[in-house]
Amino acid sequence: MIDNVFNSVTRTCSTIAAFWAMALAFLILWDITGRAFFNAPFDGTIEIVANSMVAILFLQMPYTIYRGAHLRTAVIYQNLNDYGQRIIDFIVALLGIWFFYSIVLGSWGDMIIGWDVDEREGEGSISVPIYPVRTLLVVFAGISLISYLILAWYALTGSRPSNEGE
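First things first, this report covers the structure right here in the doc. (Residues numbered from 1 in each chain as written. Predicted model: local features only at pLDDT ≥ 70, side-chain atom pairs only at ≥ 80, totals over all residues. Heavy atoms only, no water.)

### Brief notes about the environment of Glu 121
Cut-off, in case you're wondering: Think of it this way: any DSSP run of H or I at least four residues long counts as a helix, any run of E at least two long counts as a strand, and we number them from the N terminus. Remark: exposure states derive from per-residue accessible area (1.4 Å probe, protein chains only) relative to the maximum for the residue type, with buried under 20%, exposed over 50%, and partly exposed in between. Should any heavy atoms of two residues lie within 4.5 Å, those residues are counted as being in contact.
Assignment of secondary structure puts Glu 121 in strand β1 (residues 120–121). Accessibility expressed as a relative area gives 34% for Glu 121, which makes it partly exposed. Separated by 28 residues in sequence, Glu 121 and Ala 93 place their C-alpha atoms 35 Å apart. The contacts of Glu 121, once residues within four sequence positions are left out, are Glu 47, Asn 51, Ile 126, Ser 127, Val 128 and Ile 130.

Here you go:
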């Protein structure tokens, strides 16, 4: 049950990120076309793209982690027995838990300050709010942390996520 719900939520977030990336491609095309042919670029493209890249990364991270699609050196891993693979999986999960916990903890204060002061980037005709991106970073670092907690549990119990091999 938890597998299906978590897999669906993280897959949906990854899909949203993919469409967001496609929208950015069209925004960049609009900016280039406007700049080249009409001398009228889309104001704020740089700020929107820079902040969107962080958001897209963190939207896709939990699903990538949960389905095991992140980079892994298979030379040693594939030659280990099940117990050896579980030990490596557990150590990796612990490192992931620590890493994303650190991100959540370290980013929380900046997120709160960003909301309090209406933090924005860019000058002139457009300024892009930063606090939504900071919020996405904290939320999806937290979801990535949950992904690693679930994977640590699987490593301890010897079971596997139902989504493995997708």
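### Some words on the packing of helix α1 (residues 2–37) against helix α2 (residues 45–66)
Note the following rule: Structural elements are reduced to axes, namely lines fitted to C-alpha atoms, with helices fitted over the stretch in contact, and the angle between N-to-C directions of any two is expressed from 0 to 180 degrees. To sort the angles, those under 35 degrees are grouped as roughly parallel, those over 145 as roughly antiparallel, those from 65 to 115 as roughly perpendicular, and the leftovers as oblique. If you view the pair so one helix is near and one far, a crossing is left-handed when the near helix is turned anticlockwise from the far one by less than a right angle, and right-handed when it is turned clockwise. Under the grouping applied here, Gly and all other residues not named as nonpolar or charged are polar, the nonpolar ones being Ala, Val, Leu, Ile, Met, Phe, Trp, Tyr, Cys and Pro and the charged ones Asp, Glu, Lys and Arg.
Contact geometry for α1 and α2: axes closest at 8 Å, N-to-C directions at 155°. Here α1 lies roughly antiparallel to α2, going by the angle between them. The handedness of the crossing between α1 and α2 comes out as left-handed. Here the residues of the contact of α1 with α2 sort into 19 nonpolar, 6 polar and 3 charged.

### Points about unusual backbone geometry
The backbone of Asn 39 shows a phi angle near 50°, a positive value even though the residue is not glycine. For Asn 39, a relative accessible area of 68% translates into the label exposed. Although it is not a glycine, Asp 118 adopts a positive phi angle of roughly 55°. Examined against the element boundaries, Asp 118 turns out to sit in the loop between α4 (82–117) and β1.

### Thoughts on the packing of aromatic side chains
We count it as follows: Paired rings are identified among Phe, Tyr and Trp, the last through its six-membered ring, by centres lying within 6.5 Å, and are further divided according to the angle between planes into stacked (under 30 degrees), edge-to-face (over 60) and tilted (the rest).
Inspection of every chain in the model, using the stated rule, returns 5 aromatic pairs. Considering the side-chain rings of Phe 6 and Tyr 66, the 5.0 Å spacing of their centres and the 70° angle between planes classify their relative orientation as edge-to-face. With Phe 6 in helix α1 and Tyr 66 in helix α2, this pair connects stretches of sequence that are 60 residues apart. The two residues Phe 6 and Tyr 66 agree in class, both being buried. Between Trp 30 and Phe 42, the aromatic rings sit 4.7 Å apart at their centres with planes inclined by 50°, giving tilted as the arrangement. Note that Trp 30 is positioned in helix α1 and Phe 42 in the loop between α1 and α2, a separation of 12 residues in sequence. Among the residues examined, Trp 30 registers a relative accessible area of 52% and is labelled exposed.

### Digging into α4
Which entries qualify depends on this criterion: Take the residue count of a helix, subtract one, and multiply by 1.5 Å to get its expected span. Two axes enter the definition of the bend at a residue: one is fitted to the seven residues ending there, the other to the seven starting there, and the bend is the angle between them.
Along its 36 residues, α4 runs 51 Å from first to last C-alpha, staying within 8% of the 52 Å computed at 1.5 Å per residue. If you look at α4, its biggest bend is around 35°, right at Ser 107. Burial in α4 covers these residues: Gly 84, Gln 85, Asp 89, Ala 93, Gly 96, Ile 97, Phe 100, Ile 103, Ser 107, Met 111 and Gly 114. As for α4, its buried residues are in contact with α2, α3 (74–77) and α5 (131–157). Asp 118 sits one or two positions beyond α4 and adopts a positive phi of about 55°.

### Here we look at α1
Given a rise of 1.5 Å per residue, 36 residues ought to cover 52 Å, and the 52 Å separating the end C-alpha atoms of α1 matches this to within 8%. Among the residues making up α1, those that are buried are Asp 3, Phe 6, Asn 7, Thr 10, Cys 13, Ser 14, Ala 17, Leu 24, Leu 27, Asp 31 and Gly 34. Close packing links the buried residues of α1 with α2 and α5. Phi for Asn 39, located one or two positions after α1, is positive at around 50°.

### Description of the packing of α4 against α5
α5 packs onto α4 with a crossing angle of 160° between their chain directions and a minimal axis gap of 8 Å. The angle between α4 and α5 places the two elements in the roughly antiparallel class. Read as a crossing pair, α4 and α5 show a hand that is left-handed. For the contact of α4 with α5, the residue count by class is 22 nonpolar, 7 polar and 4 charged.

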